[in-house]
Amino acid sequence: MPVRRTLRVLRRYFRMGMRRFDRFVAPARREWRRSLQLRVVALTLIASSVLVGAFGFFVAQRSANILLNRAQDEVESSMQSKLRYAASQLSVHLTALEPRLQNTVDITVNALADDDPAESGGSVVSIRADQIPGIQAVTSVKKLDTSGLITRDLIKAVSGDGKVAEQVRTAEVNGKKIKFLVYGSPVPTNFGHLELYYMVPLTTEDSAANQIRTTVLVTGLALVILLGVVAGLVTRLVVLPVRDAARTAQRLSAGLLDQRMKVTGEDDLALLAASFNQMAANLQRQIVRLEEMSRLQRRFTSDVSHELRTPLTTVRMAADLIFSEREDFDPAVARSAELLQAELDRFESLLTDLLEISRFDAGFAALDAEHADLVPIVKRVADRLTGLADRVGVTIELRVPDEPVIAEVDPRRIERVLRNLVGNAVEHGEGRPVRITLACDEAAVAVTVRDHGIGLKAGEERLVFNRFWRADPSRARQTGGTGLGLSISAEDARLHGGWLEAWGAPGEGAQFRLTLPVRSGDRLVAAPLPLIPRDRALDSEEAGR
Amino acid sequence: MRRYLALTVVLATLFAGGCGIPDDTDVRVIGAGPSAGFDADAGNEPAEPPDRAAASDPATLITNYLQAAAGDSDNARVKAFLADNLRAGFEAGPDIRVIRLTDKLLYTPGYPDVSFSAQTVGILKGNGVLEPSSDPKAFEYSMKVSPVAGQSGYFITATSAPRVLLMTDTALEKYYQRRTIYFWNDDGTGLIPDVRYMPQSLPTVQQPTTILSWLVNGPAGWLGDTVRGLPADTTAPANVPAAANETLQVTLSAQALPSGDGKALERLRRQLQWSLRGLIPQTLELKVGNSDPVRYSDLDYQDSNVASRLADRPERFVIYNGTIRRLTGSAQSSDAVPVLKPADNKGFSTAALGESATHEYVAVVAGAGGTRKLQVAAARTGQQTDLNNVDGITGEFGRPTWAVTPDNDPGGAVGLITGGGKLYSFGINGKAKPVELQSEPGPISSISVAPDGHRVAFVAGGKLYRTVLDTGGDSLTMSTPEQLLPPNFSTIAAVAWSSEAYLAVAGTRADGRSAVLDVTVDGALTYSRLADIGKEAITSLVAYPSNPLSGKENTVFESYETAGDAWDVLGDPVKITTANLAGPPVTAQPGLVPKAPFFLD
């Protein structure tokens, strides 16, 4: 149980640590994902480290082995002569009890130690008699404690089993750790065997091995770093133009159409830059051409509207005269006069709308914002359209708050928008009630206009705001306005920094929502009223039942 | 990414720590250990003196005690005889006092007291040299022997003896072997023997090592300046291993060969071959310092010791009717007398012949009564020449003897003769010169020079002395003589060299009867030749030393002269009669007998 608890604690700590680690390395990760150069350099470093490390390990290990083997061979041959000498010296003793035996052991060890060439400096000779009690072990270096060098295992192999054996051991001599190659062999005598141990310091071999290792390590490290730098430089050659291209593309997309890449040389990257520049130039040309065309179109619309206005005024005056005198004419002519009057009204409003639209297109539309109460505006719009509603048998329901809804708006434009929306709703209401709802919160005001007419098909929610769009193109342009009303309304809403959205479903009617910021210039984040009407769910439930 | 990082870390660790020479490894067994490459001869069971437990009564214990020091290198056997109270303070060195019991042990059965009277023969040093004692007086030793509570057997509980190791001469005889080592004389022309005592308990394999250490430690004191030891600081750094492949390996430190002396190695190896004779199976391998070992297996070393030229059968001569005559049964008995022209061969009372590889030398005392004179001559072997008179000797003439008989250079020959109790030296020409003696032991009656030409034994005032002859300077000198104390003699009459280690001594015993003995050059050991030859006094003694190559320590050729008669020492005294004369037979005439026998040496 405690184990499980401990494990749980450990796991928790591990997870905590990992989380902290993740947080810590998150920037690095981000950098990793973003930088091709970093990835290439890092991968090159890792791959070359592995390769160079494996190779260096092999070289260092191999050379250390060679050094050690050479030392072993030397020691072995030296050991042979030492062994012969010791055996011959001890051959004069017939029993282990002879008092001179210890002396012989002493002088033999000294002679063997003196016999050593100077370059093997520090080698130690020791004769032990682990099988024969009464004979002291003798070591050529008196101060050296050989217990660390001549291990129990070695003694067992040499003294107990009578084998020639060797071992590498590390001992501390004069405060320095020195590796020794310890070689042991039994020395045959007339009374069993003594054991000769020959300890040769591997100082030279060790330092040589260390030097080789350091050299390999330093070389390998330098190689890895060099490879990393090379990889970085090479990647940089490729990545820099790509980055340049990306930056240029970003600027182009931001509208800075005259941005171009620098073309150097004739390589693939230069080709890329040249192609990119060509593409940019073509795009720019197209865009400029389209802009010019669009501008000409708008200008044309505006000019046409203005030019039509003057003759229309003259025609209007004449038509008004005729219309006022129509009772004097025969009925057919009087009917024509009425028709003329009605179409002139339509023509005039169409022109007005066109002018308004062209004003928006030209960017001349200005917001005349003031603090205004929206409640009277809504009521006024409803009152004005009551006549029309009564004519088509539609009742207009108003849901407005009791207190004033003050917002910084242009009342004229808002009223136009609402009139347009409510007019549309009455027109398409098919005799069913139209509901106008006003609501507000701290940041936004919303007005929804709900009808229960034929509704909108899927996808038509956006099309309704297009110019001259009609739900049913075959429908006569008898009813309705100019086809520009919703476009203008959408422009008005945009001018306020607000939204004008539509929702509709076939057979369920439609709802339009106008959302405006309370303070002009504020950014809208949410509307106080839903776009999809609340009653829709109820309706569908009823239908289901 | 994290995986790569871990991999890199692992690799780096492996690289930094994994390669290089490891700190510790496991034991790696290479193979079986070597087998003994030599054939160690266990040797015969060494003779060792009995220990304490072997004694069942106090007298035997004392007898054993007086033998215990033989070959007892760490004094353990000797200490075992002592009770705890004595043992505690007993710290004797390697020196052993060799004593000779003048009488039997005095003790009463049932009583603890044992006493004996003993003469100190000498001190046996650690290096095997027996230094003769100069004091012939006998000391009384008394000891108490009794059981000790809690332990079986007897112990020596009290002793009047000083705290030294005591050993009787019989133990010396029984438990030691005489071993002759050799040193070069000062001229580097010949080897001089140096007798040492080696415990028989020493195994054969250790004897070369011991001999080498003796050589390194220098010659015995009495040989003095006439011999040259190994160069100073020479050491034998290692044991001499048991002989393998018929080869004995000897190692000496580099100081053994002084630089600039080209012949030093040759001399050294000959010295070693002589000193280790009998221990070298076939080949001597000599390694000096760090130089390469040199192998010697020839027998050419033998001529470095002049004694090796001694013949198995000597040429023997006597004076018969004033004429030098050869004896039958000796070598070249049918040849003419060397050097002397037959016409000159008359009127001699004593004579001496010497030879070298190229020359033969003769010295005769001619004339009778007050007109005696010394005549000498030297000639190439087989040739004859005239005699020269040598003047300058006064008093009663003794027997001449040749000390130095050089090859090729007769002018360098040196002879010795006593005249009126004084010693003179003579050459081939010129006058005789008195020899300087460092002390005045008394009138010299007999003198004998060893074949090496340096060691001298002489009898002065009835006492036996040994000394060395130094021929190096302008005049002949002798170092201070050392008196030897052979047993049983009250007066010593004559001396001659019997071998390298033994002297033949003739004299009168305490009971007035005469005897001939061989004694070692230190006077310690005896080898009885003729224990009793009656009351007749011996006037002179000659011997032909045994060749050291023969291995015999006592020569078979000894002859002595009593008043008027000459005798051979052959187990019994055998008289030399006219029947023994070689050449033309002579009829025995009363009062005319062969006398003054001598050898060509």
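Residues numbered from 1 in each chain as written. Chains lettered and ligands numbered in written order. Predicted model: local features only at pLDDT ≥ 70, side-chain atom pairs only at ≥ 80, totals over all residues.

Observations regarding the overall build of chain A
So, step 1. The number of helices and strands found in chain A is twelve helices and twelve strands.
So, step 2. When burial is assessed residue by residue, chain A has 30% of its 545 residues classed as buried.
So, step 3. Residue pairs at least 24 apart in sequence account for 65% of intrachain contacts in chain A once pairs closer than 6 positions are excluded. (Helix = DSSP H or I, 4+ residues; strand = E, 2+ residues; numbered from the N terminus. Buried ≥ 20, exposed ≤ 12 C-beta atoms within 10 Å, placed from the backbone. Contact = placed C-beta atoms within 7 Å.)

Concerning the overall build of chain B
So, step 1. Per the secondary structure count, chain B includes seven helices and 41 strands.
So, step 2. Residues counted as buried form 47% of the 601 residues belonging to chain B.
So, step 3. Looking at chain B alone, contacts between residues at least 24 apart form 55% of all its contacts between residues at least 6 apart.

A look at the interface of chain A and chain B
So, step 1. Contacts between chain A and chain B engage 48 residues on the former and 44 residues on the latter.
So, step 2. Mapped onto the side of chain A that touches chain B, the elements with two or more residues apiece are helix H2 (36-90), helix H3 (100-115), helix H4 (152-160), strand E3 (163-173), strand E4 (176-189) and helix H5 (203-253) of chain A.
So, step 3. Here the side of chain A that touches chain B takes 15 residues from H2 of chain A, the largest share from any one element.
So, step 4. Classifying every residue of the side of chain A that touches chain B gives 25 nonpolar, 15 polar and eight charged.
So, step 5. Relative to strand E1 (residues 28-32) of chain B, E3 of chain A runs antiparallel, the two sharing four bridges. Residue pairing for E1 of chain B: Glu-166 of chain A is matched across the bridge by Arg-28 of chain B. (Nonpolar A, V, L, I, M, F, W, Y, C, P; charged D, E, K, R; others polar. Pairing = 2+ DSSP bridges.)

Some points on the sheet that holds strand E15 (residues 316-320) of chain B
Residue and element names in this part refer to chain B.
So, step 1. Here three strands make up an open sheet; going across it, the order is E16-E15-E41 and the pairing antiparallel. Pairing within the sheet leaves two strands with one partner each, and these edge strands are strand E16 (323-326) and strand E41 (595-599). Geometrically, the sheet is characterised by an average inter-axis angle of 30 degrees between neighbouring strands, direction not taken into account.
So, step 2. Where E15 and E16 come together, four bridges link them in antiparallel fashion. Its bridge partner lying in E16, Val-318 is registered against Arg-325. (Axes fitted to C-alpha atoms, helices over the stretch in contact; angles between N-to-C directions.)

Brief notes about the sheet that holds strand E19 (residues 359-366) of chain B
All names here are of chain B.
So, step 1. The sheet built from four strands is open, its strands ordered E18-E19-E20-E22 with antiparallel pairing. Two strands bound the open sheet, and with one partner strand each, they are strand E18 (348-355) and strand E22 (388-390). If you compare each strand with its neighbour and ignore which way they point, the axes differ by 25 degrees on average.
So, step 2. As judged from the eight bridges shared by E19 and strand E20 (residues 373-380), these two strands associate in the antiparallel manner. For Tyr-361, the partnering residue across the bridge sits in E20 and is Ala-378.

Structural notes on the pairing of strand E10 (residues 191-199) of chain B
All names here are of chain B.
So, step 1. Taken across its nine residues, E10 has eight buried, putting it largely inside the fold.
So, step 2. Here strand E9 (residues 176-185) runs beside E10; their pairing, made up of nine bridges, is antiparallel. Within the sheet, the bridge partner assigned to Thr-180 lies in E10 and is Val-195.
So, step 3. Connecting the antiparallel pair E9 and E10 is a turn made up of five residues, with Gly-188 showing a positive phi of about 75 degrees.

Brief notes about the pairing of strand E6 (residues 138-147) of chain B
All names here are of chain B.
So, step 1. Taken together, the seven bridges between strand E4 (residues 113-124) and E6 define a ladder with antiparallel strand orientation. Note that in E6 the partner of Val-114 across the bridge is Met-143.
So, step 2. The sheet contact formed by E6 and strand E7 (residues 154-159) spans five bridges and is antiparallel. Residue pairing in the sheet places Ser-146 in a bridge with Phe-155 of E7.
So, step 3. The hairpin turn running from E6 into E7, its antiparallel successor, is six residues long, and Gly-150 in that turn takes a positive phi close to 90 degrees.

Looking at the environment of Pro-533 of chain A
Residues and elements named next belong to chain A.
So, step 1. Within the secondary structure, Pro-533 sits in the loop between strand E12 (509-517) and helix H12 (534-544).
So, step 2. For the pair Pro-533 and Arg-513, spaced 20 residues apart in sequence, the C-alpha separation works out to 9.9 Å.
So, step 3. Excluding residues within four positions of it along the chain, Pro-533 makes contact with Arg-450 and Gln-511.

Some remarks on the nonpolar core
So, step 1. In this structure, Met-167, Ala-351, Val-362, Val-495 and Leu-541 of chain B are the most contacted members of the largest nonpolar core, which totals 166 residues.
So, step 2. It is strand E33 (residues 489-497) of chain B that provides the largest number of residues to this core, a total of seven residues.
So, step 3. The contact partners of Leu-541 of chain B, leaving out residues within four places of it in the chain, are Ser-446, Ala-494, Val-495, Ala-496, Ala-504, Ala-506, Glu-558 and Tyr-560 of chain B.
So, step 4. Within the second largest apolar cluster, 45 residues are counted, among which are Ala-71, Leu-83, Leu-202 and Ala-209 of chain A. (Core = buried A, V, L, I, M, F, W, Y, C linked by C-beta atoms within 7 Å.)

Observations regarding the environment of Val-586 of chain B
Residues and elements named next belong to chain B.
So, step 1. Structurally, the position occupied by Val-586 is in the loop between strand E40 (572-575) and E41.
So, step 2. Owing to 15 C-beta atoms within 10 Å, Val-586 belongs among the partly exposed residues under this scheme.
So, step 3. If sequence neighbours within four positions are ignored, Val-586 has contacts with Thr-578 and Leu-581.

Topic: unusual backbone geometry
So, step 1. Even without a glycine there, the phi angle at Glu-430 of chain A is positive, about 55 degrees.
So, step 2. What makes Glu-430 of chain A partly exposed here is the crowd of 13 C-beta atoms within 10 Å.
So, step 3. Positive phi outside glycine occurs at Asn-245 of chain B, with the angle close to 50 degrees.
So, step 4. Tracing the backbone through its elements, the reader meets Asn-245 of chain B in the loop between strand E11 (227-228) and strand E12 (247-252).

So, the packing of helix H9 (residues 411-427) of chain A against helix H11 (residues 485-496) of chain A
Residues and elements named next belong to chain A.
So, step 1. Between H9 and H11, whose axes approach to 9 Å, the crossing angle comes to 140 degrees. The chirality of how H9 crosses H11 is left-handed. Residues Arg-413, Arg-416, Val-417, Asn-420 and Leu-421 of H9 form the contact with H11, whose participating residues are Gly-485, Leu-486, Ser-489, Asp-492 and Ala-493.
So, step 2. When its residues are assigned to classes, the contact of H9 with H11 shows four nonpolar, three polar and three charged. (Left-handed = near helix turned anticlockwise from the far one by under 90°.)

Here we look at helix H1 (residues 2-34) of chain A
Every α-helix winds through 3.6 residues per turn, so residues three or four apart in the chain are directed the same way.
All names here are of chain A.
So, step 1. The first and last C-alpha atoms of H1 sit 46 Å apart over 33 residues, in line with the 48 Å expected at 1.5 Å per residue.
So, step 2. Remark: the principal bend of H1, roughly 50 degrees, maps to Val-25, with a proline, Pro-27, within the next four residues.
So, step 3. In terms of residue burial, H1 counts as a barely covered element, since only zero of its 33 residues are buried. (Expected span 1.5 Å × (residues − 1). Bend = angle between axes of the 7 residues up to and from the residue.)

Here's the deal with helix H7 (residues 264-275) of chain B
So, step 1. With twelve residues, H7 of chain B should cover 16 Å at 1.5 Å per step; its first-to-last C-alpha distance of 16 Å lies within 8% of that length.
So, step 2. Considering only its buried residues, H7 of chain B is in contact with E9, E10, helix H6 (207-216), E12, strand E13 (283-288) and strand E14 (294-296) of chain B.

Some remarks on the packing of helix H8 (residues 374-392) of chain A against H9 of chain A
Residue and element names in this part refer to chain A.
So, step 1. Between H8 and H9, the least distance of the axes is 9 Å, while the angle of their chain directions is 25 degrees. In terms of orientation, H8 and H9 fall into the roughly parallel class. Here the hand of the crossing between H8 and H9 comes out right-handed. Facing Ile-377, Val-378, Arg-380, Val-381, Ala-382, Arg-384, Leu-385, Leu-388, Ala-389 and Val-392 of H8, the residues of H9 in contact are Pro-411, Ile-414, Glu-415, Leu-418, Arg-419, Val-422, Gly-423 and Val-426. (Parallel < 35°, antiparallel > 145°, perpendicular 65-115°, else oblique.)

Brief notes about the confidence of the model for chain B
So, step 1. Confidence along chain B averages 85 in pLDDT terms, with 95% of residues attaining 70 or more.
So, step 2. In the predicted complex, the global pTM is 0.67; the interface-specific ipTM is 0.71. (pLDDT = per-residue confidence, 0-100.)

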